[in-house]
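Each chain is listed here by its residues.
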Amino acid sequence: MFRALAWGLLALGASAAPFALFAAAEGEEAVMRGFFVTAAAGIFVGGATLAGTASLNRPAGAAAALRLAFYGWLVAPLFASPPFIMATGGSVTGLFEAYSALTTTGAVVLAAEDAPASIILWRCWLAWLGGLVSLVLAATVFAALDRRGVGLRRTSLLTVERADLFTNFGRAIRRLGLVYALATAVGWLALMLSGTPAFAAVCLALSGVATAGFTPFSVPLLEAIPAPAVLVLAALCLAGAWNFAVQYELLSRFRAHRGTGELRAMGAVAGACGIAALFTAGPEQLGPAVLDALFAVTTAGFDASAAAPVPIAALVLLAMVGGSPISTSGGIKMPRVLLLARRAAGELSLLSHPSAAVRTRFAGRSVSDDALAGVWVYAIAFPVALGFGAVAIGLGGAEFSDAWRAAAASLANAGPLGGVDYALLSGPSLAACALLMVAGRLEVLAAAAAVYVIFARD
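All values derive from a computational prediction rather than experimental measurement.

Draft legend 1. The arrangement of the packing of aromatic side chains in detail. Applying the stated rule across the entire model yields 10 aromatic pairs. Where F19 meets W122, the ring centres are 4.9 Å apart and the plane angle is 65°; that geometry is what we call edge-to-face. Of this pair, F19 sits in helix α1 (residues 2-26) while W122 is found in helix α6 (residues 117-139), placing the two residues 103 residues apart along the sequence. The exposure class of F19 is buried, given its relative accessible area of 9%. Ring plane angle 90° and centroid distance 5.2 Å describe the contact between F35 and W122, whose orientation is recorded as edge-to-face. Highlighted residues: F35 in helix α2 (residues 29-52) and W122 in helix α6, separated in sequence by 87 residues. The same class applies to F35 and to W122, which are both buried.

Shown next, in the form of structure tokens:
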């Protein structure tokens, strides 16, 4: 377990070194020192841990895998935070920025206009790394833990070994990372060709495929980049929120397994929001409404226009739904919601035909009642966590409406949504948001299970 975490810290530290040179070229000495601290700490701690555990080669089961995921999301932002601390001038705000970036949440305290270019790019790069880690954990650790459930993360991409859940980490990084990097490169090139400046194109490509919502500007997208570039970014967010295992199988010419319909569902949701805006706000708001809905359901949270044709409450609800299980998006995940909708339709049919034998089928296979119960628990866990999180943020001094919106956006890893000015939140409220970001990245139940594994006694 510790070796996997050490490799992550080593990669984080190594990636910070070029940013130190970037900050030095900008003349940002304080930020440069922050990057050097991250580079030195990550390389030293990661390298020392790898050297000290070289002789350890014990298989890691479910408990160790849960601890890795939990510790990783808690510890890695601490190493990534020194540049943010130097840029914001506060330890709490710097830590908040680091947690927001690595969990692909996208909430910011320091506005883009007030941040050095190195910090803006560091945010996007951390989000890209966090998205890759999310994909690998979903396809390996959480896929193994979900084998008795519905199997939403089931894929022919990898053969998961329950005896050692870390067996396929390297293979998952290579295969999923290939598709991830390819989508990023194609998105960057398309953004450049559509008229986006080079630096903004890099930031938006990294942030878009990670569904993070970071931008190098504070104005809505349509006011900063051409409309074709916004369409490219929407497509990139859809790619980030779609099942990467399916994308790999399609690109490698393998036969893709039967999908669960989340891509069609995300498109249908965006279309429905566009039609609603067409009748309520006029034809000119059709495009912005569709874009805002797409950015919400993918949990990217980009703001397409200043008109806000879709109510904030609806956008936050879409973000709570989310995209595919093996993706960079947050939320409950669309296949779980679709599965519950099918089950609800079956229950309604029983009202008219009480003696009928109703079976719930999903992705070409029957779903047992035990598996459905697990899905229900996931669906219930999110609003429960949302309630506790809103109370915690409110106890930190936030207004009632801000507390609920910040909690929902943090838990769904869709920070830009909700219209919350995080710079106005107190330190305790920001800390509560950061914990919600980690819980959302672990899909709440895994976070609770990890805490239980860590503190429960045999």
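Draft legend 2. Region of the structure containing the environment of V310. Take V310: it is sitting in the loop between α14 (286-297) and α15 (312-321). Note on V310: relative accessible area 6%, which makes it buried. Along the chain, V310 and T280 lie 30 residues apart, while their C-alpha atoms are 9.7 Å from each other. What V310 contacts, discounting residues up to four positions off in sequence, is C273, A289 and L315.

Draft legend 3. Main features of the pattern of salt bridges. With the rule as written, the count across this model stands at 4 salt bridges. Residue K333 is joined to E443 by a salt bridge in which the shortest nitrogen-to-oxygen separation is 3.4 Å. One end of the pair, K333, is in the loop between α15 and α16 (334-352); the other, E443, is in the loop between α19 (427-441) and α20 (445-455), with 110 residues separating them in the sequence. The class of K333 is buried, set by a relative accessible area of 2%. Using a relative accessible area of 7% as the deciding quantity, one classes E443 as buried. D402 serves as the salt-bridge partner of R405, at 2.4 Å between the closest nitrogen and oxygen. Residue R405 and its partner D402 are located together in helix α18 (residues 400-411), separated by 3 residues, close to a single helical turn. For R405, a relative accessible area of 26% translates into the label partly exposed. For D402, a relative accessible area of 24% corresponds to the partly exposed category. In the salt-bridge network here, residues are joined through shared partners; they are K333, R336 and E443.

Draft legend 4. Representation of unusual backbone geometry in the model. One non-glycine residue, T104, adopts positive backbone phi at about 60°. Notably, K333 is not glycine yet its phi reads approximately 95°, a positive angle.

Criteria and cut-off values
Residues numbered from 1 in each chain as written. Predicted model: local features only at pLDDT ≥ 70, side-chain atom pairs only at ≥ 80, totals over all residues. Heavy atoms only, no water. Phe/Tyr/Trp six-rings, centres within 6.5 Å; stacked < 30°, edge-to-face > 60°. Helix = DSSP H or I, 4+ residues; strand = E, 2+ residues; numbered from the N terminus. Buried < 20%, exposed > 50% of the residue type's maximum accessible area, 1.4 Å probe, protein only. Contact = heavy atoms within 4.5 Å. Salt bridge = Lys/Arg side-chain N within 4 Å of Asp/Glu carboxyl O.

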